[in-house]
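Examining the three-dimensional arrangement
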Amino acid sequence: SSGINAEYGADVEESETFSKRVTLNKKMIDDAEDRVVMKSGCDNKSGICQADLVLAPVEYTISPKGYNDIAIGRTEYILFQINVTNKGEDIAFLSELSFELPRNIIFNRRQPIGDQTEDDVSHIKCITKEGADLINKVICSLSSKLNVSNSEIFGISVITTNIEDLSQKKLDFNFKTYVQEPSEELSTLMGDNERTVSIKVGYPAGIDLNGRPLRERQPYSNDVPVVAARNTKDIGPDVRHELEVQVSDSALEDRFDEVKLLVRWPLMLNEDDTLLYLTQIAIEDPVPGNSRCFGGEYVNYKGLKNEVRERRSAEYQDLPPVNCGDEDDTECAQFRCEIDTLERGTIIKFKFMARLWESSLYNKGNVNVTSYVEVESVKQQDMVFGPSSTSQGSSSFSSHNCLTSITCLIALRAGKALQPASTVIARG
């Protein structure tokens, strides 16, 4: 009988793993009379393509917007952002990405993210497989050939609505990417092939933060003061951002203890010029001593000094926004307020009283100003914080200078937590 004479196109001595997967043995080759040439898909002389897959840190967003953790009964989806890059010397063949699904988490779909369309990710196929341990694993097939320096970017969506209790207080999603023959990746290069994302699970903390301005419109002068200010009213017009804190109607708890609020205040216009100069923080609480703020270092913190009054010129340019909802905005003063006990039916008010530092806006254009407050923590365990209907809130104020001359108006429009309440600074 005739056999098979095989000629190998790979030097298995150079491969860390390929030699272990050879299925033809020497006797089969010696017994063969005809010849079959086995050819690798890799163009390298050795027949082995050395890839180096890198899985970027996996970021995620939770739906509905405003949650950073899984809130039982509230959150619906998690969208993971996947970015796999081949930084090796050769093509990465038949690359895959896989991860195990924690209990009660359901794979939803692979989807485009950012500016992508479905056509950009249609070649990526994801399926769910049940393992011997009854744990479901999602396996996504990437490009059959991922060229050097090329990336696969896509989203993976999972469903969280089946989580009904706190049997798991934290979910770990372990992502792993790898190649298949004729590619391989040296073990020394596989340290960046895996990423773990841990997400807290808890009950939604029902605390509402509602921002409200003191008045609708407030005039101010665009002249620079003639003499140095001797008291706070000489700085400029009164501006107040008021915050109401209460237990929401949908809250599971009737009372929260040790409520900690993080306040970010638009103190500075830039590194040198003051914007909203805090003069006082007043608190209205039916229980004396129950609430407090620790912003003393920013309240009336410097001597009040201004320059000679002059008329503004007709030309100006817009200013960059001061957005205290952005953690990277260095113009914002950050401090904390506390409430010892917050009970259902009680409203506690924080009044952040300030003065607009007029001279800082002399000959300036439009400027958007945003203050921000959020609930950081409560004493009760296993609580997570979400948008304004639950626990996280910001009062947003935007300021705009008008195109006319001396008098400017500050228009404060009421806004709920995480919804803008505008301060319009207009030159009359």
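All values reported here derive from a predicted model rather than from experimental measurement.

Remarks on the overall build of the chain
Within the chain one finds two helices and 35 strands. Evaluated residue by residue, the chain yields a buried proportion of 46% over its 428 residues. Long-range pairs, those at least 24 residues apart, make up 81% of the contacts in the chain with a sequence separation of at least 6. Total accessible area on the chain stands at roughly 21800 Å², and carbon and sulfur atoms take up 46% of it.

A few points about the state of the cysteines
Here the structure, examined in full by the defined rule, presents three disulfides. Bridging C126 to C140, the disulfide has an S-S length of 2.0 Å. In this structure the cystine formed by C126 and C140 twists about its S-S bond by roughly 110 degrees; its chirality is therefore right-handed. With C126 in strand β11 (residues 125–130) and C140 in strand β12 (residues 136–141), the pair connects residues that are 14 residues apart, well separated along the chain.

Focus on the nonpolar core
By size, the foremost hydrophobic cluster in this structure holds 42 residues, and its most contacted members are L261 and F352. Secondary-structure elements contributing two or more residues to this core are β18 (207–213), β20 (238–247), β21 (255–265), β22 (276–284), β25 (333–343), β26 (348–356) and β28 (372–377). Apart from residues no more than four positions distant in its own chain, L261 is found in contact with L209, L243, V245, F335, R336, C337, F350, V373, E374, V375 and E376. Formed by 39 residues, the second largest nonpolar core is a distinct cluster that contains I62, I105, L142 and V197.

As for the confidence of the model for the chain
With 71% of its residues at a pLDDT of at least 70, the chain reaches an overall mean of 76. Contacts of residues 1–13 to residues separated by more than four positions or lying in other chains number 42 contacts, the stretch itself having pLDDT below 50.

A few points about unusual backbone geometry
The linkage connecting S63 with the following residue, P64, adopts the cis geometry, with an omega of 5 degrees. Mapped onto the elements of the fold, P64 is located in the loop between β5 (59–63) and β6 (70–71). Residue E181 is joined to P182 through a cis peptide bond whose omega torsion reads 15 degrees. The phi dihedral of E258 falls on the positive side, at around 50 degrees, and the residue is not glycine. For E258, the position within the fold is in strand β21. The backbone of D382 sits at a positive phi, close to 60 degrees, despite the residue not being glycine. Here D382 shows up in the loop between β28 and β29 (383–384).

Quick notes on the pattern of salt bridges
Pairs can form between side chains of opposite charge whenever their charged atoms are close. On inspection of all chains with the given rule, the structure shows 13 salt bridges. The residue D382 makes a salt bridge to K169 at a minimum N-O spacing of 3.5 Å. Separated by 213 residues along the polypeptide, D382 in the loop between β28 and β29 and K169 in the loop between β14 (151–159) and β15 (170–178) bring together distant segments of the chain. E284 serves as the salt-bridge partner of K351, at 2.6 Å between the closest nitrogen and oxygen.

Considerations on the packing of aromatic side chains
Throughout the structure, instances matching the rule amount to eight aromatic pairs. With a centroid separation of 5.9 Å and 35 degrees between ring planes, the pair formed by W265 and F352 is classed as tilted. With W265 in strand β21 and F352 in strand β26, the pair connects residues that are 87 residues apart, well separated along the chain. For W265, a relative accessible area of 1% puts it in the buried group. Connected via pairs of aromatic rings, a cluster forms that spans Y60, F80, F99, F173 and F175.

A word on the side chain of Q380
By secondary structure assignment, the location of Q380 is in the loop between β28 and β29. A distance of 3.0 Å separates a polar side-chain atom of Q380 from the backbone oxygen of R255. In this view, Q380 contacts R255, F256 and D257; residues no more than four positions away in its chain are not counted.

Some details on the side chain of D69
Its place among the elements puts D69 in the loop between β5 and β6. It turns out D69 is buried and unbridged, and the closest side chain with the opposite charge, K200, is 5.6 Å from it. With sequence-adjacent residues up to four places away left out, D69 is seen in contact with I62, T75, I199, K200 and V384.

Observations concerning the environment of D165
If you trace the backbone, D165 turns up in the loop between β14 and β15. D165 gets classed as partly exposed once you look at its relative accessible area, which sits at 39%. Distance in space between the C-alpha atoms of D165 and G73 is 9.4 Å, their sequence separation being 92 residues. Ignoring anything within four residues of it in the chain, the contact list for D165 reads I72 and Y203. Engagement of the side chain of D165 in a polar contact is seen with the side chain of S167, the distance being 2.7 Å.

Cut-off values and rules
Residues numbered from 1 in each chain as written. Predicted model: local features only at pLDDT ≥ 70, side-chain atom pairs only at ≥ 80, totals over all residues. Heavy atoms only, no water. Helix = DSSP H or I, 4+ residues; strand = E, 2+ residues; numbered from the N terminus. Buried < 20%, exposed > 50% of the residue type's maximum accessible area, 1.4 Å probe, protein only. Contact = heavy atoms within 4.5 Å. Areas by Shrake-Rupley, 256 points an atom, 1.4 Å probe, with all protein chains shown as cover. Disulfide = S-S within 2.5 Å. Core = buried A, V, L, I, M, F, W, Y, C linked by side-chain atoms within 4.5 Å. pLDDT = per-residue confidence, 0-100. Salt bridge = Lys/Arg side-chain N within 4 Å of Asp/Glu carboxyl O. Phe/Tyr/Trp six-rings, centres within 6.5 Å; stacked < 30°, edge-to-face > 60°. Polar contact = N/O pair within 3.5 Å; in protein donor to acceptor, adjacent residues only side chain to side chain. Lys, Arg positive; Asp, Glu negative; His and termini not counted.

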